[in-house]
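Commentary on secondary and tertiary structure
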Amino acid sequence: TKLILLDSLLQEKMSLAAARPLITVYSDKNVSSGTTVCLPAVFKAPVRPDIVSMIHNEVAKNRRQPYAVKVTAGHDTSAASWGTGRAMARIPRVKGGGTSRSGQGAFGNMCRGGRMFAPTKTWRKWHRKVPTSQKRYAVCSAIAATGVPALVMAKGHVINGIAEVPLVVEDNVQSFTKTKEAVVFLRRNKAWADVAKVYQTRRIRAGKGKLRNRRHVQKLGPLVVYDQDAGITKAFRNIPGVDTIQVDKLNLLKLAPGGHVGRFCIWTEAAFKKLDGLYGSGKKPSTAKQGWNLPRVKMANTDLASLLKSEAIRSVLRAPDRKVKHAVVRNNPLKNIRSMLQLNPYAAVQKKNAELTAAKNIRLKAAKTAKK
């Protein structure tokens, strides 16, 4: 009966937590189109920033290109140690004379013109193999985070005027071919404030990267997720900070840039409806990814306080045991006379007799010494 009551309560709570609200579909003019879409089950996936950060850190390494210093760098000069006995360091020194270079230290990493310590090699382990299941888990978690306004705002996106999160728009947005159309669309849907933030954050990069064709850095704006590319990529590609991605190729590097969840996403209706088939719905596995279903949450209802206070659970719990149990102090009877008396009451007589005998022996010894 206890298990039945607990199970019924959990099922009731799960049904409330698993309610999938309807998302309004907006036109390109920020007007409700009159249609609604059921929220895909992937938005109920557990948000795990730790997994997203770890997988992002590994996957991001797969774009790196090998680099290394020249093999002979720092060793192009003729140098040899002068040996010991001259009160000079044993570092190799440049040979010859007639120039200030001769006699200078060479080869060592502490020398001017010498090689670096542990010269870099091209055979470093540049790339990482990441399990597919872990990558899918991280993507599901990142998608779920895009539907939480608090996480999106914590990421730094400006979504104060957005009608709804997640923002779903009609499919005619996919047919935009001009940047002018895309800008008008973003302005009407109150998403331009996030792009304006990108313009304000453009600045010169700190460090050597500014000399290597990556002079400027800036924050990222919204991510537009589409189903069919009828020109949408060309329309949005010239707007700073705005990225586009096809729903079948959702990428963790785009959904959680920097390993931080909560990117502001704009979904087209067709792409939004595709998510259940791509990532499963909990009850049904994915039709696109073989053997994959949504990760299960640890708790269906995280309101632990209300669960513990509910009558259904409290009625089957045992009464609290409020009796105070004091620890018994165990003393060594050989060192503690009270413990010895509890075990052997005659020990007091024995101890007293021993003391009297010792005193008698001392007196006899003293008398014997005095006679001598």
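Since we're looking at a predicted model, the values are computed, not measured. (Residues numbered from 1 in each chain as written. Predicted model: local features only at pLDDT ≥ 70, side-chain atom pairs only at ≥ 80, totals over all residues. Heavy atoms only, no water.)

This brings us to the overall build of the protein. When helices and strands are tallied, the protein shows 13 helices and ten strands. Computed over the C-alpha atoms, the radius of gyration of the protein is 39 Å, more than 25% above the 21 Å expected from 2.2 N^0.38 for a compact globule of 372 residues. Overall size of the protein, expressed as C-alpha extent along the three principal axes, is 130 × 100 × 40 Å. Taken across its 372 residues, the protein has 33% of its residues classed as buried. In the protein, the share of contacts with a sequence separation of at least 24, taken over all contacts with a separation of at least 6, comes to 61%. Taken as a whole, the protein presents about 24400 Å² of accessible surface, with 55% of it coming from carbon and sulfur. Taken together, the 69 basic and 21 acidic charged side chains of the protein have centroids lying 21 Å from each other. (Helix = DSSP H or I, 4+ residues; strand = E, 2+ residues; numbered from the N terminus. Rg over C-alpha atoms; globule rule 2.2 N^0.38 Å. Buried < 20%, exposed > 50% of the residue type's maximum accessible area, 1.4 Å probe, protein only. Contact = heavy atoms within 4.5 Å. Areas by Shrake-Rupley, 256 points an atom, 1.4 Å probe, with all protein chains shown as cover. Lys, Arg positive; Asp, Glu negative; His and termini not counted. Charge placed at Lys NZ, Arg CZ, Asp CG, Glu CD.)

A separate point is the confidence of the model for the protein. Here the protein shows a mean pLDDT of 91. Residues at 70 or above account for 95%. Confidence drops under pLDDT 50 across residues 1-18; counting only partners more than four residues distant or on other chains, this segment forms 15 contacts. (pLDDT = per-residue confidence, 0-100.)

Locating D227 in the fold gives a position in the loop between β8 (223-226) and α7 (232-236). With residues near it in sequence (within four places) discarded, D227 still touches Q174, Q246, V247, T268, A270, A271 and K274.

Attention shifts here to the pairing of β8. By the alternation rule, side chains of β8 split into L223 and V225 and V224 and Y226, which are all buried. As judged from the four bridges shared by β8 and strand β9 (residues 243-246), these two strands associate in the parallel manner. Bridging across to β9, V224 finds its partner in T244. (Pairing = 2+ DSSP bridges.)

Okay, the pattern of salt bridges next. Applying the stated criterion across every chain yields a total of nine salt bridges. A salt bridge links R128 to E58, with the nearest nitrogen and oxygen atoms 3.9 Å apart. With R128 in the loop between β4 (93-94) and α3 (132-145) and E58 in helix α2 (residues 49-59), the pair connects residues that are 70 residues apart, well separated along the chain. Among the residues examined, E58 registers a relative accessible area of 24% and is labelled partly exposed. Salt bridges sharing common partners tie together E58, K61 and R128. (Salt bridge = Lys/Arg side-chain N within 4 Å of Asp/Glu carboxyl O.)

Our next topic: the state of the cysteines. One pass over the structure, following the stated rule, counts zero disulfides. C140 takes part in no disulfide bond, and the closest cysteine sulfur to it belongs to C265, at a distance of 14 Å. The exposure class assigned to C140 is buried, which follows from its relative accessible area of 0%. For C265, a relative accessible area of 3% corresponds to the buried category. (Disulfide = S-S within 2.5 Å.)

Time to look at the sheet that holds strand β2 (residues 32-38). Pairing is mixed across the open sheet formed by six strands, whose spatial order is β2-β1-β5-β10-β8-β9. Since the sheet does not close on itself, it has two edges, and those belong to β2 and β9, each with one partner. If you compare each strand with its neighbour and ignore which way they point, the axes differ by 30° on average. Where strand β1 (residues 22-26) meets β2, four bridges bridge the pair, whose relative direction is antiparallel. Across the sheet, I23 pairs through a bridge with V37, a residue of β2. Running at roughly 90° to strand β10 (residues 265-268), helix α9 (residues 269-279) makes contact with β1, β2, β5 (167-169), β8, β9 and β10 of the sheet. (Axes fitted to C-alpha atoms, helices over the stretch in contact; angles between N-to-C directions.)

Membership of the largest hydrophobic core comes to 40 residues, with the highest contact counts inside it found for I143, L250, W267, F272, L275 and Y279. Going through the elements one at a time, β1, α2, α3, β8, α8 (252-255), β10 and α9 are the ones with two or more residues in this core. Broken down by element, the residue count for this core peaks at eight residues, all from α3. Those residues in contact with W267, other than ones at most four positions away along the chain, are F43, I143, T146, P166, L167, V168, V169, V225, L250, F272 and L275. In this structure, V152, W192, V195 and I232 belong to the second largest nonpolar core, which totals 24 residues. (Core = buried A, V, L, I, M, F, W, Y, C linked by side-chain atoms within 4.5 Å.)

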